[in-house]
Amino acid sequence: AQHVAKLLDIPHEVVDTRESFQQGVIDDFVSGYLSGETPNPCVRCNERVKFGKLYQLAQSRGADYVATGHYARIQSIEDEHFLFKGVDPKKDQSYFLYRISPSWLSKILFPLGHLQKKEVWAKAKDMGLPIEELQESQEICFVTQGDYREFIKIEAPQASKPGPFVDSQGRYLGEHRGIAFYTPGQRKGLGLATGERIYVQHVIPETNTVVIGKDASLLQKQCVVREVNWFGKIPPTASTFVKVKLRYASPAVDAELTLGSRGDLRLQFQEPQKALSPGQSAVFYEGDQVLGGGIIERSSLHQEKLRLSTVNEPIASSG
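Residues numbered from 1 in each chain as written. Predicted model: local features only at pLDDT ≥ 70, side-chain atom pairs only at ≥ 80, totals over all residues. Heavy atoms only, no water.

> Teacher, can you tell me more about the packing of aromatic side chains here?
Aromatic ring pairs: the centre-centre distance and the angle between the two ring planes describe each pair. Using the criterion set out here, one finds 14 aromatic pairs in the structure. Between F21 and F142 the ring centres are 5.8 Å apart and the planes differ by 75°, which places this aromatic pair in the edge-to-face class. Note that F21 is positioned in helix α2 (residues 18-34) and F142 in the loop between α5 (117-126) and α6 (148-155), a separation of 121 residues in sequence. Looking at F142, the relative accessible area reads 12%, which means it is buried. (Phe/Tyr/Trp six-rings, centres within 6.5 Å; stacked < 30°, edge-to-face > 60°. Helix = DSSP H or I, 4+ residues; strand = E, 2+ residues; numbered from the N terminus. Buried < 20%, exposed > 50% of the residue type's maximum accessible area, 1.4 Å probe, protein only.)

Written out as structure tokens, the structure is:
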């Protein structure tokens, strides 16, 4: 970034955000996995560092706006500002931005939001910028080991706490390495020979248990969303229908949204969804407009499985 700023002859200042990044992103990432969730560090980074700290810095410097290179848009409707998808559907990053404060939107600029990625790259090349240095990473920026599991082992050695693999009936299938190393939908790296294709259904941190099952049993009809951030009006008191993205790379699906008694939201899916991961984000859309979003809680399926407080006798493997 400093190299690019110098090429463009832009005055710049390097700000040390290592402490806030460690506490707000890395520690959150590790503790999420240790508690049986699958956190999204990019969502937390945008909320707490890229915008949270940057917005505070802008205010302290008397700056009018904060500008970033995210592929998203902000539009004004009746004097209120709202978040929208970027024009390029393949690069839209609104999913990662849903947690930024609604009060910040009037002070944020997304100059790339109305452009296609190929247009951005052409402009950068015309300006003489080092394209090879600007290639986007698809990996977690602070995980240099190639696998987040290795990173967690280094940051939190206590994560290596073996426990039982069980099926949906609580029957013992083998021993796992620690719940932090398994996420819903995972098939590889289980080290189990059952004679059929099996997947991680969910983990139960209370009993240090990983539940395994067939692909079909990954489907869930509903989930609860906590830590809700809503743009504009407060969440509806009556049920409403929305499009919801449960993963960045997955298409939005239809769901009915209902406000819960604790301020959380319940999503009832029109079609059952596969491998919902607690700790991941559910982001709500109406067309290209981001309505809001929140963090997926352990669903009714996970709560039901808490009854597996003890494990039955081992069963013989078939393969």
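Now that the structure has been shown, the text picks up again.
> Can you walk me through the side chain of T38 in this structure?
Along the chain, T38 turns up in the loop between α2 and α3 (41-50). Looking at T38, the relative accessible area reads 10%, which means it is buried. When near neighbours in sequence (up to four residues on either side) are disregarded, T38 contacts Y33, T183, P184, S277, P278, G279 and Q280. (Contact = heavy atoms within 4.5 Å.)

> Would you mind going over the environment of D264 with me for this structure?
Inspection of the secondary structure puts D264 in the loop between β11 (253-259) and β12 (265-274). The exposure class assigned to D264 is buried, which follows from its relative accessible area of 10%. When the C-alpha positions of D264 and V228 are compared, they lie 6.7 Å apart, and in sequence the two are 36 residues distant. If near-sequence neighbours (up to four positions away) are discounted, D264 is found in contact with V224, V225, R226, T258 and L259.

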